[in-house]
Amino acid sequence: MKHILRRVLAAGRLRELERALASSPTAQAYGELAQEHARRGDAVAALEVAREGAAAHRADVHLNRLVERSTALVREERLRELARQLQAAPRDALRAEHCALLFEAGRVERALEAAIEWERHGGGAEARLRQAQARLRRYAEGRRREDAQLALAALDSAASALPLDPRPWRARAELAAKVGAWAEARAAVGRLLELAPGDAALEARHRTLGALAVGSKGLDAALREVELGGRFSDEVEEPAAEVSGSNALPQLLARAGARPMVRAACVLRGATALVHGEKGASAERAARGLRDSLAASRAFARKLGLGALREVQLDHDDCTSAYECGEVASAALRIEGAPSVEHKELLRELARAACARQERP
Amino acid sequence: MKQVVEALAGLGGVRVALLALKDGVPVACAGEEVQLAEELGALAAALALELERASAEQSLAPPRRAWIKASRGCAALELREDWLLVALVDAGAPLEQLRPALEAAASRLSRAGRRQEPPPALPGGSGREAAREIG
């Protein structure tokens, strides 16, 4: 009885919100209606309303976030449904959709596992292409040569099975250009031109790569160089201008420490720690605590195969410690209560500044 | 306990959910990677110990919840005096649902734990002694 009453009340509320939206189509009205749909568990309706609202109010951050969240919810629902269907009656189309959705959701490891499983069940060239796609994404994140080599092997195998398909060659050209193996990239674009003769964009690209290819390094050497240096050919070193002054980081740290709710701010780079909000022995203890917490979290993530540590948040009884980890430095804030969006942005800014090169101009 | 862990493992993107004792011994585990239970329990217990030690050094109370986000996934831990609740989540999976679910699971486990506690101390004796007498 109570359940029925609740449903009737919710339906009434939905009608009320729809009427409010019809009379005044503001961003807030769209947002409220989308949220009500989401509360009732109708992610598809929530997405439709949020999309309509975002199209009408393009600059509204809240509506754009609602679109993202509703899309993720719809995707998760479909993934659950697909998992059930794959258990009951697996077939190629379902497996392809499953891989694509996992990849779209950024769950690269799962997408790779799904593609391997698909190949094991006769997925053939399509499954190998999906594997290559996932491995290439993994390579872009971790820059390990092994990932790129496995991706290339999968692409070769897919290309020989699908001789008229441009996708393996396109992926190969992109990878080669990314790592600066221009001759290899030119050869791959050449194959694409064989498949699509006269394509103006491909011809222009072929000419550009031809100029770059003279004396360029081989693919294997380029992969090794990226693995060692950690930078792709199109990535330039981060400019040091923003924080190149010797006082820029301490100033930023002091500004962070002065924000409301922030009890202490800390930056760690190598063996150096800068602490704001604590003095003397307390500052030393804070720096040591931060270093130990990060080391423990990093070891935990590494041993579980979760990859490079990005963020850590520790909720204590009366405060929260939030950490942001960059490649060479980390930043931490101790905040009263839960961290807000502003706090997180501040933390990211601190970590970026700490990671930037500290050379004098 | 099994139901609580299974409900957590049923959320989108959760690879495995584990309830373990403070020393890492698994109590209940659910999800697609249950074979990870022992390893995950041991690693989570070691992490909890390190985090407690680091917090004590900074004169902070031990953390009750920890979120470890990395490039290929995320781990969410509820840390209590006697037990640990851990969820391993895929990278890119929505975490909005996980936070309230984890909190709800932790409160259910805490309530269940309280119900199983020994009766209060009798005058002149500890609770444990009272429990032994009654037992």
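In this report, the structure presented in the accompanying data block is examined. (Residues numbered from 1 in each chain as written. Chains lettered and ligands numbered in written order. Predicted model: local features only at pLDDT ≥ 70, side-chain atom pairs only at ≥ 80, totals over all residues. Heavy atoms only, no water.)

Spatial strand order, S2(A)-S1(A)-S5(A)-S4(A)-S3(A)-S3(B)-S4(B)-S5(B)-S1(B)-S2(B): ten strands in an open sheet with antiparallel pairing. For this open sheet the edge positions go to strand S2 (272-276) of chain A together with strand S2 (26-31) of chain B, each flanked by a neighbour on one side alone. Along the sheet, successive strands turn relative to each other by an average axial angle of 10 degrees, direction set aside. By the bridge criterion, seven bridges tie strand S1 (residues 262-269) of chain A to strand S5 (residues 329-336) of chain A in an arrangement that is antiparallel. Pairing of Ala264(A) across the sheet is with Arg334(A), part of S5(A). Against the sheet, helix H13 (residues 248-258) of chain A touches S1, S2 and S5 of chain A, its axis set at about 155 degrees to S1(A). (Pairing = 2+ DSSP bridges. Helix = DSSP H or I, 4+ residues; strand = E, 2+ residues; numbered from the N terminus. Axes fitted to C-alpha atoms, helices over the stretch in contact; angles between N-to-C directions. Contact = heavy atoms within 4.5 Å.)

Residues and elements named next belong to chain A. If you check helix H9 (residues 167-179), its first and last C-alpha atoms are 19 Å apart, about what 13 residues at 1.5 Å a residue would give, namely 18 Å. Considered for burial, the residues of H9 that qualify are Pro168, Trp169, Ala171, Arg172, Ala173, Leu175, Ala176, Ala177 and Val179. Buried residues in H9 make contact with helix H7 (124-142), helix H8 (145-161), helix H10 (182-195), helix H11 (200-213) and helix H12 (219-229). Positive backbone phi, approximately 85 degrees, marks Gly180, located one or two places after H9. (Expected span 1.5 Å × (residues − 1). Buried < 20%, exposed > 50% of the residue type's maximum accessible area, 1.4 Å probe, protein only.)

Let us look at the packing of H10(A) against H11(A). In a packed pair of helices, the relevant descriptors are the angle between the two axes and the axis-to-axis distance. Residue and element names in this part refer to chain A. Running from N to C, H10 and H11 point in directions that differ by 155 degrees, and their axes come no closer than 9 Å. Regarding the angle of H10 to H11, the classification is roughly antiparallel. The handedness of the crossing between H10 and H11 comes out as left-handed. Residue-level contacts link Trp182, Ala183, Ala185, Arg186, Val189, Gly190, Leu192 and Leu193 of H10 to Leu202, Glu203, Arg205, His206, Leu209, Gly210, Leu212 and Ala213 of H11. For the contact of H10 with H11, the residue count by class is ten nonpolar, three polar and three charged. (Parallel < 35°, antiparallel > 145°, perpendicular 65-115°, else oblique. Left-handed = near helix turned anticlockwise from the far one by under 90°. Nonpolar A, V, L, I, M, F, W, Y, C, P; charged D, E, K, R; others polar.)

So, about the packing of aromatic side chains. For the structure on display, the rule yields one aromatic pair over all chains. Lying across the ring of Phe103(A), Arg137(A) places its NZ or CZ 4.3 Å from the centre. (Phe/Tyr/Trp six-rings, centres within 6.5 Å; stacked < 30°, edge-to-face > 60°. Lys NZ or Arg CZ within 6 Å of the ring centre and 35° of its normal.)

The next point concerns the interface of chain B and chain A. Contacts between the two partners involve 45 residues from chain B and, on the opposite side, 42 residues from chain A. Roughly 3700 Å² of surface becomes buried between chain B and chain A when both sides are summed, with 55% attributable to carbon and sulfur atoms. It is Glu57(B), Gln58(B) and Arg72(B) in chain B that bury the most area against chain A; as a group they hold 19% of the surface buried on that side. Applying the counting rule to chain B against chain A returns ten salt bridges. Across the pair Arg64(B) and Asp317(A) runs a salt bridge, and its minimum N-O distance is 3.7 Å. At the junction of chain B and chain A, the tally comes to 16 residue pairs in polar contact (both at pLDDT 80 or more). Elements supplying a minimum of two residues to the side of chain B that touches chain A: helix H2 (37-57), strand S3 (65-70), strand S4 (73-79) and strand S5 (83-90) of chain B. Among the elements that line the side of chain B that touches chain A, the one with the most residues is H2(B), at eleven residues. Classifying every residue of the side of chain B that touches chain A by side-chain character gives 22 nonpolar, ten polar and 13 charged. Sheet topology places strand S3 (residues 309-315) of chain A next to S3(B); six bridges connect them, and they run antiparallel. Each residue of the ladder has a partner; that of Val312(A), found in S3(B), is Ile68(B). (Buried area = accessible area lost by both parts, 1.4 Å probe. Salt bridge = Lys/Arg side-chain N within 4 Å of Asp/Glu carboxyl O. Polar contact = N/O pair within 3.5 Å; in protein donor to acceptor, adjacent residues only side chain to side chain.)

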